Amino acid sequence: MKVLVFFLFLAVTAQARMSLEFDRDRIEAGKPFEIRLVVPVPELADSRGVPRLSLPPEIQSRGLDSLDTQETDFFGRGFQVRKYSFKLTAPKKTGRYLVGPLSWMIGGTEYEIQNRIAVTVQRSYDDAAVVVSLTPAKQTVYEGEQFSLQLNIHTFEHFQGELSALSMDLGNDFIAHRADLSNLQFKRLENTPGEMEAKTNFAWIAPVKSGELTIPPFRFKYMKQGPPKVVEENKSGGGFSMSFKSIRQASEEAEAASAPVRIRVLPLPATNRPQNFSGMVGNYSFSGDFDKTELKVGDALTLSMVIKGDGKPGTISDPELPDFSEFRAVPPEVNLSKKESGNKVITTKEIKVFLYPKKKGEFHVPEITYHWFDPAAKQYRKKTLGPWDIKVEKGDASEIPAYSGGAVSQKDIESLGNDIRHIRTGALKDSGKLPYREIHFWVLLALPFLLYPLFVWLILKRRRDKNDAILMRKSRARKNLQVYTKKAKEALQSGNFKEFYALLENALIGYLSDLSNREFRGMTREALQTNLEELGFKETDITEIRKWLNKCDEVCFAPVSHSQAEGEKALHTFETLCETLEVLR
C-alpha cells in the first residue's frame, strides 16, 4: 500500500490531516513572512526527503525550518504536528503572486502536495496610501520647446479618500497650459486588490530659459487607515472593575508628494540665427494676405495674418511689419486662442491690420517674413508673405460750391414763393430800447465764439479716444470684470466650484491685462511678478495675487472638494484684490 493511502487512513481515524497556513493575516510588501506545511507526526513516513517549494523570482527564500508542536483536533483531542516553515521575503511591489508547486519526496517518489499557492502582497499600513509621480515626455528639450507632463496617482487598499491638492505649482521657469482634470478617472488594477490608478497629461509646458531646471514636487493630502494598535480599556461599575485589550485601526491624515523632476534645457543655436528671429520654437505655420490691392482714398485696406504653432502655450510673438508711413493706421485687431490637439497644445494668433491710404498713387509693400526654430530638424525655418503692389485711386468726395457774388436770378427769387413780396407800410412800433444796447445781446453774440474752442477740444478728444486702444481697453476693464464676476457668482450658487474658480482666475488675469495694457495671459509667475513690480505694486499685494492664482490652479485638480462658505470667502478675497488693482487706472 502506498504512503498516501496510509496518510488518508490516519486522517479518517485521527481527524488530522496535512495543511498549509501563513504565519500572518496580512503579507506586506518587502517584509518577511512564512508559509507553513503542517503534518501530524504519526503521518510522517520513515523514508522521506525535505519538502520543496518553487518560488517566482519576485519572492526570495530565507531558508526552511521545522518545529514539533502540540495541536488540538475537532473533538478536543491533542496530537503532535511538525511544521515545516518556508521563510520568505515578500516583493516590494504589491499584487497577487503564485507560489508552487509544493512537492515532497516520499519513498523514492515525488508527490505534489499543492500545485499553486496564491500570495497577496499588500502595502504596509505605515507606508503611504497614495503615491504621486510626474513623468515628462522629454528629459532634454530646447528653450521654448513644448512638452507634456504626465501626472500619475496610485492609491492602495488602505486609502480612505478625501484626496486634495496642497501645491501644484510648476514654478517660474515654465509657461504652462494646464489640462482640465475634472473628469479624472481612476481604474482598478488587475491582480492588485483594492488598488487604483489614474494617469493623464497634467500640463503642456515650455521652459523660458536654458540650463538644468527643476519642476517642484506636487503635494497632496488625504485620509488613510492607520496601523493596528492595541488599546487597553478599563471599565468599572457595581464595585467591580474590568480591564480588557482590543485592536483598533483609526483613520489618519497623511500627505503625499511627487519627486522633483529635472529637465535639461538646451539654448537655441547661435549659428544661422535670423536677425528678426521671433523666439518661437516648434512647428509653425504663417499665412496671410491683403483683402484688396486696388482701392480709393478713404477706403480701408485690411492685412489679415494667421500664425499657428505648438511652441509656448498661449504665446506667439508678432511678425516684424514693414513701414506703413504712407498709410494712416489704427491699432491692429488681435485674437489669441489655444486648444488641445492630439498630444500638443496649438496656439493660434489672428492679426488684422487696418490701413487707410493718405493719397492717390501706387505703393509697394515689401514682404513679411516670420522665423521660428524647428527642434525636430534642429534648424531655423521661415515663411514669407508678399510683396504687394497697392494701387490707390482718387476718392469720390462730393463738392459743395460756394457763393461768389453777382446778381440774383429770377429763379432764386421764385424760390421764396413769390416774385415780389408785399412791403408793409405804416409806422413801426418802437419798444423804446435798442437790442444792441442790452447786455444780453452781447452775451448771446459772444457765446458761440466762447464755446467754439470747447467744442473743438471735445471733438478732437473723442477722436483721440477712439484711436487710443489703451484708453479704450481701460474703459472696458470694469465692465469685463463685472461680466466674469456675475458668471462666477452663478457658478457658486449652483455648486460648480471648479467653474467658479476658473472664471475668477480668468477675471483677475483679464482685469490685470485690461488695466495695464500688458498681456498677462500665458505669462510665467516670475514674469508676472516683474511686471507688477514695474506697475508699482507692493510686495505684499504681489504675494496675495500669486497665492490666489496658485489656489485657482490647485482647484483644477479633480478630487478637491469645497464648501459654499469657502467659495464666499474666496469671492471676498477676489474682490479685495480687484480693489487693489485700481492703482493701475
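Computed from a predicted model, the values in this text were never measured in an experiment.

Draft legend 1. Structural context of the sheet that holds strand β19 (residues 219–225). Strands sit in the order β14-β19-β22 across an open sheet of 3 strands; the sheet is antiparallel. Only two strands of the sheet have a single partner each, and these edge strands are β14 (159–167) and β22 (251–257). Neighbour-to-neighbour, the strand axes of this sheet turn through a mean angle of 25°, independent of strand direction. With 5 bridges joining them, β14 and β19 adopt antiparallel strand pairing. Residue pairing in the sheet places alanine 165 in a bridge with phenylalanine 220 of β19.

Draft legend 2. Looking closely at the packing of aromatic side chains. Evaluation of the coordinates by the stated rule reveals 12 aromatic pairs. Between the aromatic rings of phenylalanine 324 and phenylalanine 327, the centroid separation amounts to 6.5 Å while the plane-to-plane angle is 80°, which identifies the pairing as edge-to-face. Across the pair, exposure class does not vary: phenylalanine 324 and phenylalanine 327 are buried alike. With a centroid separation of 6.5 Å and 35° between ring planes, the pair formed by tyrosine 370 and tryptophan 372 is classed as tilted.

Draft legend 3. Quick look at the sheet that holds strand β9 (residues 109–114). Taken in spatial order, the 3 strands line up as β4-β8-β9 in an open sheet, and their pairing is antiparallel. Every interior strand has two partners, whereas the edge strands, β4 (52–53) and β9, have only one. Where β4 meets strand β8 (residues 102–106), 2 bridges bridge the pair, whose relative direction is antiparallel. Residue pairing in the sheet places leucine 53 in a bridge with leucine 102 of β8.

Draft legend 4. Geometry of the side chain of serine 148. The topology assignment puts serine 148 in strand β13 (residues 147–155). We classify serine 148 as buried; its relative accessible area is 7%. With near-sequence residues (within four places) excluded, serine 148 lies in contact with Thr135, Pro136, Ala137, Asn201, Ala203, Trp204 and Asn343.

Draft legend 5. View of the nonpolar core. If you look at the biggest cluster of nonpolar residues, it comprises 33 residues, and the most contacted ones within it are Leu151, Leu170, Phe202, Ile215 and Phe218. Taken together, the elements giving at least two residues each to this core come down to β11 (130–136), β13, β14, β17 (196–207), β18 (211–215), β19, β22 and β23 (261–266). By residue number, the principal contributor to this core is β17, which donates 5 residues. Ignoring sequence-local partners within four residues, the contact set of phenylalanine 218 consists of Leu134, Leu151, Ser167, Met168, Asp169, Leu170, Phe202, Ala256, Ala257 and Ser258. Listed in part, the 31 residues of the second largest apolar core include Ala488, Leu492, Leu532 and Cys578.

Draft legend 6. Just the packing of helix α5 (residues 497–516) against helix α8 (residues 564–580), in detail. At their nearest, the axes of α5 and α8 sit 11 Å apart, and the two run at 5° to each other. Taken together, α5 and α8 sit at an angle that is classed as roughly parallel. Here Phe497, Phe500, Tyr501, Leu504, Ala507, Leu508 and Tyr511 of α5 lie close against α8, whose contacting residues are Gln564, Glu566, Gly567, Ala570, Leu571, Phe574, Leu577 and Cys578.

Draft legend 7. Inspection of the side chain of threonine 347 at higher detail. Along the chain, the position of threonine 347 falls in strand β29 (residues 344–357). A distance of 2.8 Å separates a polar side-chain atom of threonine 347 from the backbone nitrogen of glycine 314. Apart from the residues within four sequence positions on either side, threonine 347 is in contact with Ile307, Lys308, Gly309, Lys312, Pro313, Gly314, Thr315, Ile316, Leu336, Ser337 and Lys338.

Draft legend 8. Representation of the confidence of the model for the chain within the structure. Here the chain averages 82 in pLDDT, and 83% of its residues register 70 or above. In the model, residues 1–15 has pLDDT below 50 throughout and makes 23 contacts with residues more than four positions away in sequence or in other chains. When the criterion is pLDDT under 50, residues 397–423 qualifies, and its contacts beyond four places in sequence or with other chains add up to 6 contacts.

Draft legend 9. Here's a closer look at α5. Taking 1.5 Å of rise per residue, the 20 residues of α5 would be expected to cover 28 Å, and the 29 Å separating its terminal C-alpha atoms lies within 8% of that figure. Most of α5 sits out of view: 16 of its 20 residues are buried.

Draft legend 10. Main features of the pairing of β9. One ladder, built from 5 bridges, connects β8 with β9; its direction is antiparallel. Bridging across to β9, serine 103 finds its partner in glutamate 112. Between β8 and the antiparallel strand that follows it, β9, lie 2 residues; glycine 107 among them carries a positive phi value of about 60°.

What counts, and at which threshold
Residues numbered from 1 in each chain as written. Predicted model: local features only at pLDDT ≥ 70, side-chain atom pairs only at ≥ 80, totals over all residues. Heavy atoms only, no water. Pairing = 2+ DSSP bridges. Helix = DSSP H or I, 4+ residues; strand = E, 2+ residues; numbered from the N terminus. Axes fitted to C-alpha atoms, helices over the stretch in contact; angles between N-to-C directions. Phe/Tyr/Trp six-rings, centres within 6.5 Å; stacked < 30°, edge-to-face > 60°. Buried < 20%, exposed > 50% of the residue type's maximum accessible area, 1.4 Å probe, protein only. Contact = heavy atoms within 4.5 Å. Core = buried A, V, L, I, M, F, W, Y, C linked by side-chain atoms within 4.5 Å. Parallel < 35°, antiparallel > 145°, perpendicular 65-115°, else oblique. Polar contact = N/O pair within 3.5 Å; in protein donor to acceptor, adjacent residues only side chain to side chain. pLDDT = per-residue confidence, 0-100. Expected span 1.5 Å × (residues − 1).

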